[in-house]
Amino acid sequence: MSYQQARQVVVERMLHHEMPALVKQVGQTLDTQILQMTTATQQLAENPYILQWAEQDFAAADEAVLLQQIRNVKQQLGLDAASWADRQSGRYWNQDGFLRTLNQQDDGWFYAFRDSGSSTNVSIFTEPDGRVRMFVNYQQ
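All figures in this text were calculated on a predicted structure; none of them were measured in a lab. (Residues numbered from 1 in each chain as written. Predicted model: local features only at pLDDT ≥ 70, side-chain atom pairs only at ≥ 80, totals over all residues. Heavy atoms only, no water.)

*Asks:* Please give an account of the pattern of salt bridges that cites residues and values.
*Replies:* Counted according to the given criterion, the structure contains six salt bridges. Across the pair Asp-80 and Arg-131 runs a salt bridge whose closest N-O atoms are separated by 2.6 Å. Of this pair, Asp-80 sits in the loop between helix H3 (63-77) and strand E1 (83-85) while Arg-131 sits in the loop between strand E4 (120-126) and strand E5 (132-138), and the two are 51 residues apart along the sequence. With relative accessibility at 48%, the residue Asp-80 sits in the partly exposed group. The closest approach of N and O atoms between Arg-114 and Asp-115, which form a salt bridge, is 2.9 Å. (Salt bridge = Lys/Arg side-chain N within 4 Å of Asp/Glu carboxyl O. Helix = DSSP H or I, 4+ residues; strand = E, 2+ residues; numbered from the N terminus. Buried < 20%, exposed > 50% of the residue type's maximum accessible area, 1.4 Å probe, protein only.)

*Asks:* Give a description of the nonpolar core that names residues and reports values.
*Replies:* Soluble, globular proteins show a tendency: their nonpolar side chains are buried together. Core analysis: the largest hydrophobic core is formed by 16 residues, its most contacted members being Leu-66, Ile-70, Trp-84 and Trp-93. If you list the elements that add at least two residues to this core, you get helix H1 (2-45), helix H2 (48-55) and H3. Take this core: its biggest share by element is four residues, from H3. The residues contacting Leu-66, other than those within four sequence positions of it, are Ile-50, Trp-53, Trp-84 and Trp-93. (Core = buried A, V, L, I, M, F, W, Y, C linked by side-chain atoms within 4.5 Å. Contact = heavy atoms within 4.5 Å.)

*Asks:* I'd like a rundown of H3, residues and numbers included.
*Replies:* With 15 residues, H3 extends 22 Å between its outermost C-alpha atoms, agreeing within 8% with the 21 Å of an ideal straight helix rising 1.5 Å per residue. Here H3 has its buried residues at Leu-66, Leu-67, Ile-70 and Val-73. Buried residues of H3 fall within an arc of 125 degrees about the axis and therefore sit on the same side. Among the exposed residues of H3, those oriented more than 90 degrees off its buried face are Ala-64, Gln-75 and Gln-76. Buried residues in H3 make contact with H1, H2, E1, strand E2 (91-94) and strand E3 (97-101). Backbone geometry just after H3 places Gly-78 at a positive phi near 65 degrees. (Expected span 1.5 Å × (residues − 1). Arc of directions from axis to C-beta.)

*Asks:* Give a description of the sheet that holds E2 that names residues and reports values.
*Replies:* With antiparallel pairing, the three strands of this open sheet are ordered in space as E1-E2-E3. Across the chains shown, the open sheet's two edge strands, defined by having one partner strand only, are E1 and E3. Taken pair by pair, the neighbouring strands of this sheet meet at an average axis angle of 25 degrees, ignoring direction. In this structure, E1 lies alongside E2, joined through three bridges in antiparallel fashion. Within the sheet, the bridge partner assigned to Trp-84 lies in E2 and is Trp-93. (Pairing = 2+ DSSP bridges. Axes fitted to C-alpha atoms, helices over the stretch in contact; angles between N-to-C directions.)

*Asks:* Describe in detail unusual backbone geometry, supporting the description with residues and values.
*Replies:* Here the phi dihedral of Asp-57 falls at roughly 65 degrees; this positive angle occurs in a residue that is not glycine. Among the secondary structure elements, Asp-57 is positioned in the loop between H2 and H3. Looking at Asp-57, the relative accessible area reads 56%, which means it is exposed. Within the chain, Phe-58 stands out as a residue other than glycine whose phi angle is a positive 60 degrees. As for its placement among the helices and strands, Phe-58 is situated in the loop between H2 and H3.

*Asks:* For the pairing of E4, give the residues involved together with the corresponding values.
*Replies:* Here E4 runs beside E5; their pairing, made up of seven bridges, is antiparallel. Considered in E5, the bridge of Thr-120 is made with Tyr-138. Adjacent in sequence and paired antiparallel, E4 and E5 are bridged by five residues, among which Gly-130 carries a positive phi angle near 95 degrees.

Written out as C-alpha cells, the structure reads:
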C-alpha cells in the first residue's frame, strides 16, 4: 500500500511540477538561442560593407570581408556553420567560402522564404544520422 502511495506521489510530482518546469526551461533556452541567432543573422544581412560588396558585383578581392564576418558570427555563437546568400542571384557562401548558386529545384526553402515577405525564418531539420539542426534565417 505504501509503495503505491509513494509511487503516486512521485508520478504526480513529476507530471504536474517537475516536467512542466523542465519543458518551460528548455523552451526559454531555445528562445534565447533563437534570439541570439536572429540578431547575428540580422547583423550579417544588414552589414553595410557586405551590402556594398554585393552592389559592386561581388568583387573577388573583397570577398574576405564577407568571410570574416561569417566566421565571426560562427565563432561568437559557437555554431556548426554560418552562411550568407544574396537574395537576387542566389549566390551562397559559408565560413569556408563560396559554396554554390542556389536554385529553385534544390533550394525551394530559400526562394519560399525570400518571397514570403517575412523577415525571419526558424526551421528544424533532422539529418539522416539523427542529428537535429536548427536554422535561423533573416532577410531585409
